[in-house]
Amino acid sequence: MRRLLVALLFPLPALALSSAAKEFMEISAQLEPVQCEKRQLRRQMAMAQAENRADDMKKLRGRFAQINRDRETARLERRLAELQIRILDGKGGTRAPEDLQAISFQQRQAFYRCE
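Rules of the game
- Throughout this description, residue numbers start from 1 for each chain and increase along the sequence as written.
- A pLDDT threshold of at least 70 governs which residues receive local features in this predicted model, and a stricter bar of 80 or more applies before side-chain atom pairs are shown or counted, although totals over entire chains, interfaces and linings include all residues.
- Side-chain numbers come from the whole structure's heavy atoms, not from hydrogens or water.
- Secondary structure elements are taken from DSSP: a helix is a run of H or I of four residues or more, a strand is a run of E of two residues or more, and numbering for both begins at the N terminus.
- Note on exposure labels: buried denotes an accessible area under 20% of the residue type's maximum, exposed denotes more than 50%, and partly exposed covers the range between, all computed with a 1.4 Å probe on protein chains only.
- Contacts were defined at the residue level, with two residues in contact if any of their heavy atoms lie within 4.5 Å.
- Where accessible areas are quoted, they stem from the Shrake-Rupley method and a 1.4 Å probe; at the residue level, only the protein chains shown are allowed to cover.
- Contacts described as polar in this section are N or O atom pairs within 3.5 Å, which, within protein, must combine one atom able to donate a hydrogen with one able to accept it, while residues neighboring in sequence count only if both atoms come from side chains.
- Take the residue count of a helix, subtract one, and multiply by 1.5 Å to get its expected span.
- Directions drawn from the helix axis to the C-beta atoms are what define this arc.
- What counts as an axis is a line fitted to C-alpha atoms, over the stretch in contact for a helix, and the angles between N-to-C directions run from 0 to 180 degrees.
- Each angle receives one of four descriptions, namely roughly parallel if under 35 degrees, roughly antiparallel if over 145, roughly perpendicular if within 65 to 115, and oblique otherwise.
- Two helices that cross are described as forming a left-handed crossing if the nearer one is turned anticlockwise from the farther one by less than a right angle, and a right-handed crossing if clockwise.
- Put simply, Ala, Val, Leu, Ile, Met, Phe, Trp, Tyr, Cys and Pro go in the nonpolar bin, Asp, Glu, Lys and Arg in the charged bin, and everything else, Gly too, in the polar bin.
- A pair of sulfur atoms, both from cysteines and within 2.5 Å, is called a disulfide here.

1. Some words on the overall build of the protein
Moving on, step 1. The helix and strand inventory of the protein stands at five helices and zero strands.
Moving on, step 2. Seen in sequence order, the protein has helices and strands lined up from the N terminus as α-α-α-α-α.
Moving on, step 3. Going through the 115 residues of the protein one by one, you find that 28% of them count as buried.
Moving on, step 4. Summarising the internal contacts of the protein: among those between residues at least 6 apart in sequence, 64% fall at separations of at least 24.
Moving on, step 5. In the form shown here, the protein has an accessible surface area of approximately 8700 Å², with 57% of it arising from carbon and sulfur atoms.

Structure, rendered in structure tokens:
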């Protein structure tokens, strides 16, 4: 009885997520290394531009474009965009608040792992 009460009071967040949110999180996890590399490239590009290093900037842009040309990455990113539309309610919120909390938590973790 005690376990049932605890389970009711503190349900697992993953169980309460919509199918779209679960899929979004799975794809985000697959894309994490790519997103991390893109984030690092953006920082390096900003530094190269600020320091007027044209040669470095050209190489960095080339690498960024190469990542974007990858078919599998592009396919997964398109699917994320579709899922984002399904998750959001069109008014800046989500259809299910727990979806946004779980996705936000996952993205924060990914951000700090990338550092």
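2. Examining the side chain of K38
Moving on, step 1. For K38, the location among the structural elements is in helix α2 (residues 19-50).
Moving on, step 2. Its relative accessible area of 5% is what places K38 among the buried residues.
Moving on, step 3. Reaching out from K38, the side chain makes a polar contact with the side chain of E77 at a distance of 2.9 Å.
Moving on, step 4. Excluding residues within four positions of it along the chain, K38 makes contact with F64, I67, N68 and E77.

3. Some details on helix α3 (residues 54-69)
Moving on, step 1. A rise of 1.5 Å per residue sets the reference length of α3, with its 16 residues, at 22 Å; its end C-alpha atoms lie 22 Å apart and thus fit the reference within 8%.
Moving on, step 2. When we look at burial in α3, the residues that qualify are M57, L60, F64 and I67. The arc that holds every buried residue of α3, seen down its axis, measures 85°, which confines them to one face. Looking at α3, the residues exposed on the side facing more than 90 degrees away from the buried face are A54, D55, K58, K59 and R69.
Moving on, step 3. If you follow the buried residues of α3, they end up packed against α2 and α4 (71-87).

4. What about the packing of α2 against α4?
Moving on, step 1. For the pair α2 and α4, the least separation of the axes is 9 Å and the interaxial angle reads 140°. In terms of orientation, α2 lies oblique with respect to α4. Considering how the two elements wind past one another, α2 and α4 form a crossing that is left-handed. Facing α2, whose interface residues are S19, A20, A21, E23, F24, I27, S28, Q30, L31, V34, Q35 and K38, α4 presents T73, L76, E77, R79, L80, L83, Q84, R86 and I87.
Moving on, step 2. Looking at the contact of α2 with α4, its residues break down into 10 nonpolar, six polar and five charged.

5. Looking at the state of the cysteines
Moving on, step 1. Across all of its chains, the model carries one disulfide by this definition.
Moving on, step 2. Covalently, C36 is tied to C114 through a disulfide, its sulfur atoms 2.0 Å apart. What sets the handedness of the C36 and C114 disulfide is the S-S torsion sign, and at about 90° it is right-handed. Within this pair, whereas C36 is found in helix α2, its partner C114 is found in helix α5 (residues 97-114), the two being separated by 78 residues in sequence.
Moving on, step 3. Exposure remark for C36: the relative accessible area of 15% places this residue in the buried category.
Moving on, step 4. Under the relative-accessibility criterion, C114 is labelled buried at 5%.

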